[in-house]
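# Structural characterization, general
Read off the chains here:
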Amino acid sequence: MKISTSQFFDRAVGQMSERQISLSKVQAQLADGKKIVKPSDEPDRAGALLRIRSMVDRQDRHLDALVAAKNRLGAEEAVLKNSADLITRIKELTLTASNDTYDASNREVIAIEIDGMSEQLLSLANARDTQGNYLFGGARVRETPFQKNSEGRIVYAGDETRYKVAVGDHRELNLNRSGTEVFGPIERPSGNPVVETPDSVSLFEALQDLTVAIRSGDHDKMSRGLGELDRMMNRMTFNISEVGTDLHVADMQTAIVEETQLQLKSVLSNEQDLDYAEAVTRMQKQMLALEAAQRSFGQISQLNLFDYIN
Amino acid sequence: MSVFRGVRSLPSEVDIINDAGRKIGTEIKPATLLGSRFEPQEVPADGVLVKSGALVLNGHALHALDGTPGDFVSAADAANWLNSEIKRINQNQGLEQKLGIEARVVNEVRVKVSGLKFDKDLEIDGSGPLINDSNRPSSAAELVALINDVFNPESGLYPPAGQRVAYLSDDGQELIVASPSGSTIQIGPDNDLLGNSGNALGISAGILHGRVELTPLREVAFDVSRIDLGKTLEIDGQAIDLSGVSTVRDLVPLLQSALNPAIGQPDIPVRRYVRLSSDERQLLITSPAGSPIQIGPQDAPDGSADNALGMDAGEYSGEVTRAEILLGLGAPGDPSVLSRLGYSTHVYIDGQIPEDLIVVATGKSTASFTVNQTTDAIDSLQSLRDRKFQIKFTSDAEYELIDITRVTDPADSLDLETNGTVVAKRLYNAVQGIHFQGMHFSLSRLPAKGDTYTIDGNRDGIGDNSNILKLAALETSRDLIPGALTIAESWHGQINEMGNLGNQARIAQEALKIVNEQAVEARDKVSGVSLDEEAADLVRFQQAYQASARIIQSANQLFDAILQVR
């Protein structure tokens, strides 16, 4: 078999460039730290990897949602606790005022304090979260939920939407409670012995009625007010425990999502991460081969019959 | 909002789906109005069956359908009347406005193959039992062959009018006995005493009348310059005698009469219209939807056309027109007029209806009503949101539901008024609450007389994230992509496919590279230059030269030696 000179050179160049290519592939793998640099390297595995990667991304989003939900629920919890404290304080003051030893001026002082506190309660009911959205207005987050109407009564302008946030593949977390659920109307006995069903009165109106009763020293109405305060307190406690449960669920869900993510990431790492020892060895081997090819080419190409002809 | 009274058919675009479930194009399904079976009707004493102007076809009022009192009007008469009206309208129209519509009578009997009773006899048009004990068929295909044999002894020919053609539907589920001319089909033998069917088709015995069908025409254009009157011509298998025809203008009436031998005869509808285009450069022959025009005789042995029209032999069907067919009621018309032609009257309302619809029927005779609506689910939700309702308790237990949407008068956009329609008046049910058009309204306490509630769209509820949640749920939804895949799965599938293709390309490249290398090697083996080989050759030639030179030298010396001998 005859090997022409140009064929010899072509073949040597071809072989060396093949070595170069496989070397550059290892190099790309080493630089990337990944087994698969492009999908055509291993099409089946590339698909699986993308699937796992998108699952990991989804868990990331769930974690983000959980953080946001916890912030929001924390804000609600703070408002609810403060409201509960205020109601407790109003109840103490009412009990004091119902003491017969208190005269009109003493009661006036107490009434003024309760007035201030119900103002405080109103501002808590209109509290906003970090994004400036009202906490207790349902979905109408830009509208002050509790506002005075033309008759001077405080009315609810929000709605009853309860929104949820996805915090897991099949888990949604309740994010809010509407204004009616927290600061909505309070039951008031109708006073009519025939009609069994009780009437209801707005929470803020009930507080107003209470200060009027304190100012006038009306003990019956004061004790009615105490009953209403109890019901307000019950409702606050109920809501606080609901928020607490939601927060607890959020914590548990965070743990679950983190666990899932850890597991997914380890699968991902197994599937995609490069075995450096193996890759470096492979690179060494290929470098050696390339070097041998280059060196042998240098030597063989030197060989020329003309050198021996004088 | 537009309202149309009558019956209409619009051309529709049908998606063409390939086996893989992908849409590969669209096809136009032409508009078609098919009436119900047309019972012959007696012309009343005043001689007018359909009053002039009672019917309006695509905006053109139709003249009266009249006859001699006491005579009966058949489906073919009605179709002839419609066709003559179309012709009359077209005569007054410019080319662009001509109605491309034709009326014809179609008549066919469709029965499910599963309902065939092969143990029973069959009579068609009183032809005597088609089936008797000697030829009882055992399959639908045999029955089809039997019917066709009886009516078409010379099979393969276009069935002349009055004949019957039987065939099976494409899916093989139905057997169809058709009357090509639309004439009535009589099915026997009679039902038994209990009224059960006694024939092989399993249908009630009796006379089945044709239906009037309005279809858009298809027109096939033949180039006048290619017409060679010296050659022969067959259309729809019928030889046309061209002797005595010298110009294309003469050809038109000849074809018209040859193709429509029965013009004027009530039983046979007009099959083809022949006319010259206004510039006399094209000969136009109509082809009613679904029936292509057959041109013959066969092509010459060399494949060139051998007929007078200069076209290759074969079937030609024209372009499907996008014409819509609207058969509406004019001022003197009422639904009974349309029902005489076999059509039921519809009221088509396009657009959004801001109010509830109430159908009120007056008159003495019976009528049946059905209501269909095609609504967009999102639109209905949106339209509900755009409306405003009031619930007003007129007593402790009764309430009124009032639509208080503010409507804009189209005449004056500034004139706003409240609708105020009472849409419902009901007794309050404390357990079930109040339901209206998908809305639910419940009260936690008992209502009292005078209580009023207003229901309005919640336009400020911008904190509601349910739409976003639905959008996010699209990620795992399997309804978006054919084959029940999620978006991500489909995407991963695409990447996988690309990777596979890339891999295949690489393998193919490697294989081809080797082939290429071998070819280059083989070529170089023959044509390439090896320096070593050349050097060796060089040395060999050098040595040969030296050897030759030495021989010359030796010879020279020999000569010298010889010459020196004295």
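Data block above holds the structure.
What you are looking at is a predicted structure, and each value in this text was computed from that prediction instead of being measured.

Right, let's get into the overall build of chain B. Across its full length, chain B carries 8 helices and 33 strands. Burial status across chain B gives 32% buried among its 566 residues. Across chain B, the fraction of contacts at a sequence separation of at least 24, relative to all contacts at a separation of at least 6, is 59%. Carbon and sulfur atoms form 52% of the exposed surface of chain B, whose accessible area is close to 34500 Å².

Attention now moves to the overall build of chain A. Helix and strand counts for chain A stand at 7 helices and 6 strands. Within chain A, the proportion of its 310 residues that are buried is 41%. If you take every contact in chain A between residues at least 6 apart in sequence, the share linking residues at least 24 apart comes to 65%.

The next thing to look at is the pattern of salt bridges. It is possible for side chains bearing opposite charge to pair when their charged atoms get close. Inspection of the entire model under this criterion finds 38 salt bridges over all chains. Put simply, R215 of chain A and E108 of chain A hold a salt bridge, and the shortest N to O gap is 3.0 Å. Of this pair, R215 of chain A sits in helix 5 (residues 203-216) while E108 of chain A is found in helix 3 (residues 104-125), placing the two residues 107 residues apart along the sequence. Owing to a relative accessible area of 32%, R215 of chain A belongs among the partly exposed residues under this scheme. For E108 of chain A, a relative accessible area of 30% puts it in the partly exposed group. Its salt-bridge partner being E489 of chain B, residue R478 of chain B comes within 2.9 Å of it at the nearest N-O pair. Within this pair, whereas R478 of chain B is found in the loop between helix 6 (466-473) and helix 7 (487-527), its partner E489 of chain B is found in helix 7, the two being separated by 11 residues in sequence. Residue R478 of chain B is classed as partly exposed on the basis of its relative accessible area, which comes to 42%. Since its relative accessible area comes to 27%, E489 of chain B is described here as partly exposed. Three or more residues are tied together by salt bridges with common partners; here these are R72, E76, D129, R162, R177, E181, E242 and D246 of chain A.

Turning our attention to the sheet that holds strand 25 (residues 346-350) of chain B. Residues and elements named next belong to chain B. Strand order across the open sheet formed by 5 strands is 8-7-24-1-25, with antiparallel pairing between neighbours. Both outer strands of the open sheet, strand 8 (60-61) and strand 25, are each paired with one neighbouring strand and no more. Relative to strand 24 (residues 325-329), strand 7 (residues 55-57) runs antiparallel, the two sharing 3 bridges. Paired with L57 across the strands is L327, a residue of strand 24.

Turning our eyes to something else, we now look at the sheet that holds strand 27 (residues 398-403) of chain B. Hydrogen bonding along the main chain pairs the strands of a sheet, whether they run parallel or antiparallel. All names here are of chain B. Within the open sheet, the 4 strands sit side by side as 30-27-26-33. Their pairing is antiparallel. Edge positions in the open sheet fall to strand 30 (421-427) and strand 33 (452-455), since each of these has one partner strand only. Neighbouring strand axes in the sheet, compared pairwise and without regard to direction, differ in orientation by 20 degrees on average. In terms of strand pairing, strand 26 (residues 389-393) meets strand 27 through 5 bridges, oriented antiparallel. Within the sheet, the bridge partner assigned to I391 lies in strand 27 and is L401.

Moving on, we get to the environment of H435 of chain B. Summarising the element assignment, H435 of chain B is placed in strand 31 (residues 434-436). Beyond its immediate chain neighbours, meaning those up to four positions away, H435 of chain B contacts R426 and H440 of chain B.

It is worth spelling out the interface of chain B and chain A at this point. Contacts between the two partners involve 33 residues from chain B, matched on the other side by 39 residues from chain A. Taking both partners together, chain B and chain A bury about 3100 Å²; carbon and sulfur atoms supply 54% of that area. Contact with chain A buries area across many residues of chain B, yet R445, H492 and K525 of chain B alone supply 17% of it, more than any other trio. On inspection of chain B and its partner chain A, the count reaches 4 salt bridges. The partner of R61 of chain A in a salt bridge is E475 of chain B, and the shortest N-O contact between them spans 2.7 Å. Summed over the shared surface of chain B and chain A, the number is 12 residue pairs in polar contact (both at pLDDT 80 or more). Counting only elements with at least two residues in the side of chain B that touches chain A, the list comes to helix 7 and helix 8 (531-564) of chain B. A per-element tally of the side of chain B that touches chain A places helix 7 of chain B first, with 12 residues. Of the residues contributing to the side of chain B that touches chain A, the split by class is 10 nonpolar, 13 polar and 10 charged.

Consecutive residues of a regular strand have side chains that alternate between opposite faces of the sheet. All names here are of chain B. In this sheet, strand 14 (residues 174-179) lies alongside strand 13 (residues 165-168) in antiparallel orientation, the contact comprising 4 bridges. Pairing of A166 across the sheet is with V177, part of strand 14. Connecting strand 13 to the next strand, strand 14, in antiparallel fashion are 5 residues, including G172 with a positive phi near 75 degrees.

This next bit is on the packing of helix 2 (residues 43-97) of chain A against helix 7 of chain B. The geometry of helix 2 of chain A relative to helix 7 of chain B is characterised by a closest axis approach of 8 Å and an angle of 155 degrees between their N-to-C directions. Judged by the angle between their axes, helix 2 of chain A and helix 7 of chain B are roughly antiparallel. As helix 2 of chain A packs across helix 7 of chain B, the resulting crossing turns out to be right-handed. Residue-level contacts link P43, D44, G47, L50, R51 and S54 of chain A of helix 2 of chain A to H492, I495, N496, G499, N500 and N503 of chain B of helix 7 of chain B.

Let us look at the packing of helix 1 (residues 5-32) of chain A against helix 7 (residues 276-302) of chain A. Residues and elements named next belong to chain A. Packing of helix 1 against helix 7 leaves a shortest axis separation of 9 Å and a crossing angle of 160 degrees. In terms of axis orientation, helix 1 runs roughly antiparallel to helix 7. By crossing handedness, the relation of helix 1 to helix 7 is classed as left-handed. Along the lines of polarity and charge, the residues of the contact of helix 1 with helix 7 split into 17 nonpolar, 6 polar and 2 charged.

Parameters and conventions
- Position numbers for residues start from 1 in each chain and track the written sequence from start to end.
- Both sets of labels track the order of writing: A upward for chains, 1 upward for ligands.
- Residue-level local features of this predicted model are given only where pLDDT is at least 70; pairs of side-chain atoms are given and counted only at 80 or more, and the full residue set underlies all totals for whole chains, interfaces and linings.
- To get the side-chain values, take all heavy atoms of the structure and skip hydrogens and water.
- Starting at the N terminus, helices and strands are each numbered in turn, a helix being any DSSP run of H or I of at least four residues and a strand any DSSP run of E of at least two.
- The buried label goes to any residue with under 20% of its type's maximum accessible area, the exposed label to any with over 50%, and the partly exposed label to all in between, with areas taken from a 1.4 Å probe on protein chains only.
- The contact rule is simple, with two residues in contact once any of their heavy atoms fall within 4.5 Å.
- All accessible areas in this document rest on Shrake-Rupley with a 1.4 Å probe, and a residue is counted as covered only by the protein chains that are shown.
- Salt bridge, as used here, is a side-chain nitrogen of Lys or Arg placed within 4 Å of a carboxyl oxygen of Asp or Glu.
- Think of it this way: DSSP has to see at least two bridges between two strands before they count as a pair.
- Angles run from 0 to 180 degrees between N-to-C directions of axes, and those axes are lines fitted to C-alpha atoms, restricted for helices to the stretch in contact.
- When two parts are brought into contact, each loses some accessible area as probed by a 1.4 Å sphere; the total of that loss over both is the buried area.
- Pairs of N or O atoms are called polar contacts if they sit within 3.5 Å, as long as, within protein, a hydrogen donor faces a hydrogen acceptor (for residues adjacent in sequence, only side-chain-to-side-chain pairs).
- Asp, Glu, Lys and Arg are counted as charged, while Ala, Val, Leu, Ile, Met, Phe, Trp, Tyr, Cys and Pro are counted as nonpolar; the rest, among them Gly, fall into the polar class.
- By definition in this entry, angles of less than 35 degrees are roughly parallel, angles greater than 145 are roughly antiparallel, angles of 65 to 115 are roughly perpendicular, and the rest are oblique.
- Each crossing gets its hand from how the near helix is turned against the far one by less than a right angle, where anticlockwise is left-handed and clockwise is right-handed.

That is the geometry; function is a separate question.
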